[in-house]
Amino acid sequence: MIRRKKMTDPYLNTDAGTMSPIEHGEVFVLDDGGEVDLDLGNYERFLDIKLTGDNNITTGKIYQAVIDKERRGDYLGKTVQVVPHITDEIQDWIERVAMNPVDGKEGPPDVCVIELGGTIGDIESMPFIEALGQFSYRVGTGNFCLVHVSLVPVLTVVGEQKTKPTQHSVRGLRGLGLAPDILACRSTEPLEEHVTAKLSQFCNVPISSIVNLHDVTNIWHIPLLLRDQKAHEAILKVLDLQLLGKVPREPKLAEWTERASKLDKLKTPVTIAVVGKYTGLSDSYLSIQKALLHASVVMERKLVVEWIPSCDLEDSAAKDTHEAYQKAWKLLKGADGVLVPGGFGDRGVQGKILAAKYARENNVPYLGICLGMQIAVIEFARSVMKLCSANSTEFDPATTSPCVIFMPEGSRTQMGATMRLGSRRTYFLGNNCKSGKLYGNASFVDERHRHRYEVNPEIVPELEKAGLSFVGKDESGSRMEIVELPSHDFFIGVQFHPEFKSRPGKPSPLFLGLIAAASGQLDLLLQRSSGVVSSNLAPRCITKGTTVPVIKVYPNGHIKKPLKSLVNGYYTNSNGIHI
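Calculation notes
Residues numbered from 1 in each chain as written. Predicted model: local features only at pLDDT ≥ 70, side-chain atom pairs only at ≥ 80, totals over all residues. Heavy atoms only, no water. Helix = DSSP H or I, 4+ residues; strand = E, 2+ residues; numbered from the N terminus. Buried < 20%, exposed > 50% of the residue type's maximum accessible area, 1.4 Å probe, protein only. Contact = heavy atoms within 4.5 Å. Areas by Shrake-Rupley, 256 points an atom, 1.4 Å probe, with all protein chains shown as cover. Pairing = 2+ DSSP bridges. Axes fitted to C-alpha atoms, helices over the stretch in contact; angles between N-to-C directions. Salt bridge = Lys/Arg side-chain N within 4 Å of Asp/Glu carboxyl O. Phe/Tyr/Trp six-rings, centres within 6.5 Å; stacked < 30°, edge-to-face > 60°. Lys NZ or Arg CZ within 6 Å of the ring centre and 35° of its normal. pLDDT = per-residue confidence, 0-100. Patch = residues over 30% accessible without salt bridge, like charges linked within 9 Å, V, L, I, M, F, W, Y side chains within 5 Å. Expected span 1.5 Å × (residues − 1). Arc of directions from axis to C-beta. Core = buried A, V, L, I, M, F, W, Y, C linked by side-chain atoms within 4.5 Å.

1. With respect to the overall build of the chain
Here's step 1: The helix and strand inventory of the chain stands at 19 helices and 24 strands.
Here's step 2: Counting the 579 residues in the chain, one finds 53% classified as buried.
Here's step 3: By sequence separation, contacts in the chain at least 24 residues apart represent 69% of the contacts at least 6 residues apart.
Here's step 4: Carbon and sulfur atoms form 54% of the exposed surface of the chain, whose accessible area is close to 26,400 Å².

Following this line, the structure appears as structure tokens:
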């Protein structure tokens, strides 16, 4: 069983927290508060595991660790260089983190999966490639399997699948000291037989170890595609793990097969308008898109997402970009539900406020996440309570009606890793709220956060007197986590990010509620949910802290002397050289 996942990103940032979502996609937040690349969200969803910030290795983290050691004098006067110090630090990090299971089970992992981001030939990736080359040599045969992902493009003029890009990338990889054991070839259509044979001949990889990942109707077919091509057998063969009790291991994908088939058969649409600031790149809201999909499949609806730039809803757009303004409002008014996600800065905020107002006044199901909750409160204060100057101090520091304020413990000078991050507990107040019922009438729920601003607790009594209901708060009772409008069929705002814990087959309760409300199934869902506690309420244990010293013995060989740059580890079947 694969029980550890790691991703290496060659960029110099320490983490993804300060990156623009338009440039890099969404920032995925982990239980421990790690702000990481969106790919780690894909791994959590597909493998149903919980990772930590250490699972995301960046060049920034590696160089910072080496510089810290140099400042402490750990290198004892040595000249600190990329080789061996940076490459050793990369290997040490892999060794250290690989020993911690992430699926809640006891004991060391069986297999650690490492993804090296970037493209072969990138200058920034060179230290990582060198480190993995050394690593593969040190651990030896049977302990390292390299899967090389490559594109097989088609020239549209002649319709021919071209193998040259893969040939050249494999040649470059070999020149850097790594030889692929398996080729994973991306293509629009299934590879032709002669193309696979050509790849095998020129890349020195057996045909049985060439896997074709062609386009499919939905991404949930990919594990099935890998199974059908016996990718698991190729990997287990390289790692010498192909037999268990003399019986070949087969993937258990019956539930996955049913889910993928169900998605293909959905016909009845449900349209959700996502009103955001970063809609130009759908990856900016990838987890939201996936959470909506998970929920729509369970509710047996075909998901249609309309991406609406919040700026296009504003009055200024009616003059400057009238066509975009009309299109945005047409999409919003044609949606079955509205979702306003998080964001930073004042650009497009007025458009989000107008979207919340439209949903509230027209009884359209609404879910506001993070900033989406805050703007719902601001809109209510302006429209219902007639506080025309109601605003967030993020957008107007001098506002006389601060509905949303900067959190006291936040930092105004340091941007990275200074927000309220990671899993935090929210306590439900009473048992008559929709959100509480969706979470199975639980007394509390643990969800992931990422914010600097919060609803001003001083104005809460006035808001509740006017009709809003804050049904979820933190352990202190002074931080607002969930707000509902009882007079509305479904109008919920949450300070946390429920999308980060949604899984195929186990959707986020709040997203499930939004889809149910948008498709006329909310009452039935609430009846079903009232006696069931969500799986999100029982998070798996995450191993954190220092690693317990162990002797790591690799199979199929004899014990070697430990390498000084390893963490209490022994390799077998290896070359055993000291670095």
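Okay, back to it.
2. Considering the sheet that holds strand β18 (residues 401-406)
Here's step 1: The strand order across the open sheet formed by 3 strands is β17-β18-β21, and the pairing between neighbours is mixed. Where the open sheet ends on each side, the last strands, each with one partner, are β17 (390-392) and β21 (453-455). For this sheet, the mean inter-axis angle between neighbouring strands, taken without regard to orientation, is 25 degrees.
Here's step 2: As judged from the 3 bridges shared by β18 and β21, these two strands associate in the antiparallel manner. The partner of Phe406 across the bridge, within β21, is Tyr453.
Here's step 3: Seen against the sheet, helix α15 (residues 371-383) touches β17, β18 and β21 and runs at an angle of roughly 165 degrees to β17.

3. What about the pattern of salt bridges?
Here's step 1: Across all of its chains, the model carries 21 salt bridges by this definition.
Here's step 2: Of the charged contacts, one joins Arg360 and Glu379 as a salt bridge, the two residues approaching to 2.8 Å between their closest N and O atoms. You can see Arg360 sitting in helix α14 (residues 349-361) and its partner Glu379 sitting in helix α15, a full 19 residues away along the chain. Here Arg360 and Glu379 have matching classes, each one buried.
Here's step 3: Salt bridges sharing common partners tie together Asp31, Glu44, Asp48, Lys50, Arg448, Arg503 and Lys506.

4. A word on the sheet that holds strand β22 (residues 469-473)
Here's step 1: Pairing in this open sheet of 9 strands is mixed, and the strands run β14-β13-β15-β16-β24-β23-β22-β19-β20 from one edge to the other. Strands at the two margins of the open sheet, each flanked by one partner only, are β14 (302-309) and β20 (444-451). Each strand axis lies, on average, 25 degrees off the axis of its neighbour in the sheet, ignoring direction.
Here's step 2: When strand β13 (residues 269-276) meets strand β15 (residues 337-340), the two strands line up parallel, connected through 3 bridges. Bridge assignment links Ala273 to a residue of β15, and that residue is Val338.
Here's step 3: Each of β13, β14, β15 and β16 (366-369) touches helix α11 (residues 286-298); the most contacted strand, β14, lies at about 150 degrees to it.
Here's step 4: Sheet strands in contact with α15 are β15, β16, β22, β23 (480-484) and β24 (491-494), and its direction is about 115 degrees off that of β16.

5. Some remarks on the packing of aromatic side chains
Aromatic ring pairs: the centre-centre distance and the angle between the two ring planes describe each pair.
Here's step 1: Summed over all chains, the structure comprises 10 aromatic pairs.
Here's step 2: A centroid spacing of 6.1 Å and a plane angle of 15 degrees characterise the contact between Tyr285 and Trp307, whose relative ring orientation is stacked. Taken as a pair, Tyr285 in the loop between β13 and α11 and Trp307 in strand β14 lie far apart in primary sequence, 22 residues in all.
Here's step 3: Classification of Tyr285 as buried rests on a relative accessible area of 4%.
Here's step 4: Through a chain of ring-to-ring contacts, the aromatic side chains of Tyr278, Tyr285 and Trp307 assemble into a single cluster.
Here's step 5: Across the ring face of Trp93, the terminal group of Arg96 is positioned such that the distance to the ring centre comes to 4.8 Å.

6. Things to note about the pairing of β20
Here's step 1: Within β20, 7 of the 8 residues are buried, which leaves the element mostly enclosed by the surrounding structure.
Here's step 2: Here strand β19 (residues 420-428) pairs with β20 via 8 bridges, running antiparallel. When the bridges of β20 are listed, Arg420 appears paired with His451.

7. Examining the confidence of the model for the chain
Where the model shows low pLDDT, its predicted coordinates should not be examined in detail.
Here's step 1: A residue-level look at the chain finds 88% of positions with pLDDT of 70 or above and a mean pLDDT of 87.
Here's step 2: Confidence drops under a pLDDT of 50 for residues 532-579, and excluding neighbours within four residues, the segment shows 111 contacts in the predicted structure.

8. Quick look at a nonpolar patch on the surface
Here's step 1: Among the surface-exposed residues, Leu12, Tyr63, Ile67, Val82 and Val83 lie close enough to one another that they form a single nonpolar patch of about 440 Å² accessible area.
Here's step 2: For the nonpolar patch, the secondary-structure elements that each account for two or more residues are α3 (59-72) and α4 (82-98).
Here's step 3: Its place among the elements puts Ile67 in helix α3.

9. Regarding helix α13 (residues 322-333)
Here's step 1: The terminal C-alpha atoms of α13, which comprises 12 residues, lie 17 Å apart, in line with the 16 Å expected from a rise of 1.5 Å per residue.
Here's step 2: Turning to α13, its buried residues are Tyr325, Ala328, Trp329 and Leu332. Looking straight down α13, one finds its buried side chains confined to an arc of 90 degrees; they lie on one side. Exposed residues on α13 whose side chains face more than 90 degrees from its buried face are Glu323, Lys327 and Lys330.
Here's step 3: Of the surrounding secondary structure, the elements contacted by the buried residues of α13 are β13, β14, α12 (315-320), β15 and α14.

10. Comments concerning the nonpolar core
Note on soluble globular proteins: their nonpolar side chains tend to be buried together.
Here's step 1: Ile272, Leu292, Leu339 and Phe511 are the most contacted members of the largest nonpolar core, which has 47 residues in total.
Here's step 2: Put simply, the parts of the chain that give this core at least two residues each are α10 (254-265), β13, α11, β14, β16, β24, α18 (509-518) and α19 (522-529).
Here's step 3: With 8 residues, α18 is the largest single contributor of residues to this core.
Here's step 4: In contact with Phe511, other than residues within four places in its own chain, are Ile288, Ala291, Leu292, Ala295, Leu339, Leu367, Ile369, Pro498 and Glu499.
Here's step 5: Core analysis: the second largest hydrophobic core is formed by 46 residues, Leu354, Ala359, Leu371 and Val483 among them.

11. Quick look at α10
Here's step 1: The end-to-end C-alpha distance of α10 is 17 Å, a good match for the 16 Å that 12 residues give at a rise of 1.5 Å each.
Here's step 2: Along α10, the residues that are buried comprise Trp256, Arg259, Ala260 and Leu263. All buried residues of α10 project into a common sector of 95 degrees when viewed along the axis, lining one side. Those residues of α10 that are exposed and angled more than 90 degrees off the buried face are Ala254, Glu258 and Lys265.
Here's step 3: For α10, the secondary structure elements touched by its buried residues are α2 (38-47), α8 (222-228) and α11.

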